[in-house]
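# Overview (structure and organization)
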Amino acid sequence: MPYFYPNDPIEYPYSIPFIAGHLYSFFNNSHQLLEDSRLYFKNSRTPYALTVAGQIWYIITSPCDVASIYKINDGTCSYDIFVETVMETIGITEDGIRKAYQTKSKKSEKDDKHLVRLCKEYQIAQLSPGVKFDELVNPAVEYISAFLDLNVLAKRTNWSDSTQSDAVTVSLYEFISEVFIGLGQEAYFGKLLSKIDTDLVSSFKVFDALAWQVLYQYPKPFCGTMLAAKLKIGSALEEYFSTPVEDRQDAAWMILELEKDMKRLGVSSHDKALFFFQLYWSVCGNNRKGPFWMLAYMLFDPPLFERIQQEVAPAVTAERIDTEHLLTLCPYLNAVWDETLHKTTFAASVRFLTKDISLPNSPLILRKGNRIIMPQRQLHFNEKILGANATTFNAKRFI
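Structure report, in brief. It should be emphasised that the depicted structure is a prediction, and the values quoted were computed from it without experimental measurement.

A positive phi angle is found at N43, which is not glycine, with a value near 55°. Within the secondary structure, N43 is located in the loop between α2 (30–40) and β1 (48–52). We note that N361 has phi near 60°; this positive angle belongs to a residue other than glycine. Exposure remark for N361: the relative accessible area of 85% places this residue in the exposed category.

Take a look at the structure:
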């Protein structure tokens, strides 16, 4: 109501009354909704409001405004509240959420950091070049290699469309999905988890397709399929962590460290399983779409594919993959990866407002209790920043 609140962001009109707002449009095609709403405001990139399922979201698409929000570190724009809401939605108890943010008297450096922060720091350490990263890469290479056998592919009827004596035609997306979800699972949790439940990858694919129901707190009566898949994975993880740690020493370093921290804080077995479920979701949900699109772009551009093959050839042997070579001596490989992320990322950064705020050089007031949504795709497709071809794939953009 701009007449009564002239400094509030203007709301994008909606036709479905009351609390629904743009609910259907958002879940049907969120990118199109954000694109249409931005253009409705003449592409000014001024913050505006959307109503979705009774919630008011402030949509931020200006790089300057996004940078300003990231600089606010006084708790006014809280990410933790969003994380806590997700924890509650997937079933972590109130006691488990409290312990996830609990610190102790500072007997050691770890006692001054809560589990959520430690998890982030461990992930950075695990994925930084060095011994810990190599511990992930080596089993990953072994895992992928096992699926490059024609006999193995031919047996996977859910992948293969046709089989010949010297070739198997597969669905690239199904192949990448199954291999990379299983790869993430085994690289982080070792081999035991797949022995506990041989169908865990399929269960996760079901969950991941409906994971938006968790993120946007869809009513539980309509989430039966998602909740059943989540329960299956959570049960497998609870059984996994009930086995002696000595029997799963092939797990990644960060998994073993986080488990020690949870034991130190007295986290229950139920909450532990669901806390690790979130990590499983993060690892296995983010590691397959990028490789699929990257391969798709390369396969439809044979000269580019050939050039990248030449770049990576010295790094790949039967014994190992030289990740240092891939990171430093393969400019086209890295440029295509960066461009794939630029072109295909649909993620958004979310913050919850605990106080009213104003952004620099703007008279608008973003009100307490509402959410800030910063959709990365809207930033990536900004023609003022990236030029007229911002929305098209350009393999040389980041060289």
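Looking now at the packing of helix α13 (residues 224–242) against helix α15 (residues 269–286). Two elements in contact, α13 and α15, have axes separated by 8 Å at closest approach and are oriented at 115°. Helix-helix and strand crossings are classified by hand; for α13 and α15 the assignment is right-handed. Residues K230, I233, G234, L237, E238 and F241 of α13 form the contact with α15, whose own contacting residues are S269, H270, K272, A273, L274, F276, F277 and Y280.

Attention shifts here to the packing of aromatic side chains. Counted by the stated rule, this structure contains 22 aromatic pairs. Between F26 and W57 the ring centres are 4.9 Å apart and the planes differ by 80°, which places this aromatic pair in the edge-to-face class. Separated by 31 residues along the polypeptide, F26 in helix α1 (residues 23–28) and W57 in strand β2 (residues 55–59) bring together distant segments of the chain. Of the two residues examined, F26 and W57, each falls in the buried class. Considering the side-chain rings of F204 and F207, the 6.1 Å spacing of their centres and the 40° angle between planes classify their relative orientation as tilted.

Let us now look at the pairing of β1. For a regular strand, the rule is simple: side chains alternate between the two faces of the sheet. Most of β1 sits out of view: 5 of its 5 residues are buried. Neither face of β1 is open: one carries Y48, L50 and V52, the other A49 and T51, and all of them are buried. Here 5 bridges tie β1 to β2, and the two strands are oriented antiparallel to one another. The partner of V52 across the bridge, within β2, is Q55. In textbook terms, the turn of a hairpin is the stretch between consecutive antiparallel strands, and for β1 and β2 this stretch comprises 2 residues, one of which, A53, has a positive phi near 55°.

This model, assessed by the stated rule, comprises 2 cavities of 30 Å³ or more. A volume near 50 Å³ is recorded for the largest cavity. Counting only elements with at least two residues in the lining of the largest cavity, the list comes to α5 (94–100) and α15. A per-class count over the lining of the largest cavity returns 7 nonpolar, 1 polar and 1 charged.

Attention now moves to the pattern of salt bridges. Scanning the model with the defined rule gives 18 salt bridges in all. Put simply, K205 and E178 hold a salt bridge, and the shortest N to O gap is 3.1 Å. On the criterion of sequence distance, the pair formed by K205 in helix α11 (residues 200–209) and E178 in helix α9 (residues 172–189) is long-range, its members being 27 residues apart. Residue E178 is classed as buried on the basis of its relative accessible area, which comes to 7%. What you see here is one network of salt bridges that share partners, running through D8, D356 and R367.

All right, on to the sheet that holds strand β6 (residues 348–353) then. The strand order across the open sheet formed by 5 strands is β1-β2-β9-β6-β3, and the pairing between neighbours is mixed. Sheet topology places β1 and β3 (77–78) at the edges, where each strand pairs with a single neighbour. With respect to the sheet, α2 is in contact with β1, β2 and β9 (371–375), its orientation differing from that of β1 by roughly 140°.

What follows concerns helix α4 (residues 80–90). Residues lying three or four places apart along an α-helix face the same way, a consequence of the helix completing one turn every 3.6 residues. By the burial criterion, the buried members of α4 are F82, V83, T85, V86, M87, T89 and I90. Directly beyond the C-terminal end of α4, a positive phi value near 110° is found at G91.

For the pair helix α6 (residues 115–127) and helix α14 (residues 253–265), interaxial distance at closest approach is 9 Å and the crossing angle is 160°. Judged on the interaxial angle alone, α14 and α6 are roughly antiparallel. As for the relative orientation of α6 and α14, their crossing is right-handed in sense. Where α6 approaches α14, its residues L115, L118, C119, Y122, Q123, A125 and Q126 are matched on the opposing element by W253, M254, E257, L258, D261, M262, R264 and L265. In terms of residue class, the contact of α6 with α14 is made up of 10 nonpolar, 2 polar and 3 charged.

Glancing now at the nonpolar core. For soluble globular proteins, the rule of thumb is that nonpolar side chains tend to be buried together. Counting 64 residues, the largest nonpolar core has Y188, F189, F207, I255 and Y280 as its most contacted members. Broken down by element, this core gets its largest block of residues, 10 residues, from α15. Setting aside its immediate chain neighbours within four residues, F189 contacts L237, Y240, F241, D250, A251, I255, F276 and Y280.

This paragraph deals with the layout of surface pockets. Put simply, the second largest pocket is a space of about 2,000 Å³. Residue lining of the second largest pocket: 42 residues in total, with I144, F180, P291, I321 and L326 positioned closest to the centre. Elements with a contribution of two residues or more to the lining of the second largest pocket: α6, α7 (131–146), α9, α15, α16 (289–299), α17 (302–312), α18 (323–328) and α19 (331–344). The element that contributes the greatest number of residues to the lining of the second largest pocket is α9, accounting for 9 residues. Residues of the lining of the second largest pocket, tallied by class, amount to 33 nonpolar, 9 polar and no charged.

Reading the values: the criteria
Residues numbered from 1 in each chain as written. Predicted model: local features only at pLDDT ≥ 70, side-chain atom pairs only at ≥ 80, totals over all residues. Heavy atoms only, no water. Helix = DSSP H or I, 4+ residues; strand = E, 2+ residues; numbered from the N terminus. Buried < 20%, exposed > 50% of the residue type's maximum accessible area, 1.4 Å probe, protein only. Axes fitted to C-alpha atoms, helices over the stretch in contact; angles between N-to-C directions. Left-handed = near helix turned anticlockwise from the far one by under 90°. Contact = heavy atoms within 4.5 Å. Phe/Tyr/Trp six-rings, centres within 6.5 Å; stacked < 30°, edge-to-face > 60°. Pairing = 2+ DSSP bridges. 1 Å grid on protein atoms, 1.4 Å probe; cavity = no way out; pocket = protein on both sides within 12 Å on 5 of 7 lines; lining within 4 Å. Points joined across faces, edges and corners; volume = space filled by probe spheres on them. Nonpolar A, V, L, I, M, F, W, Y, C, P; charged D, E, K, R; others polar. Salt bridge = Lys/Arg side-chain N within 4 Å of Asp/Glu carboxyl O. Parallel < 35°, antiparallel > 145°, perpendicular 65-115°, else oblique. Core = buried A, V, L, I, M, F, W, Y, C linked by side-chain atoms within 4.5 Å.

That is the geometry; function is a separate question.
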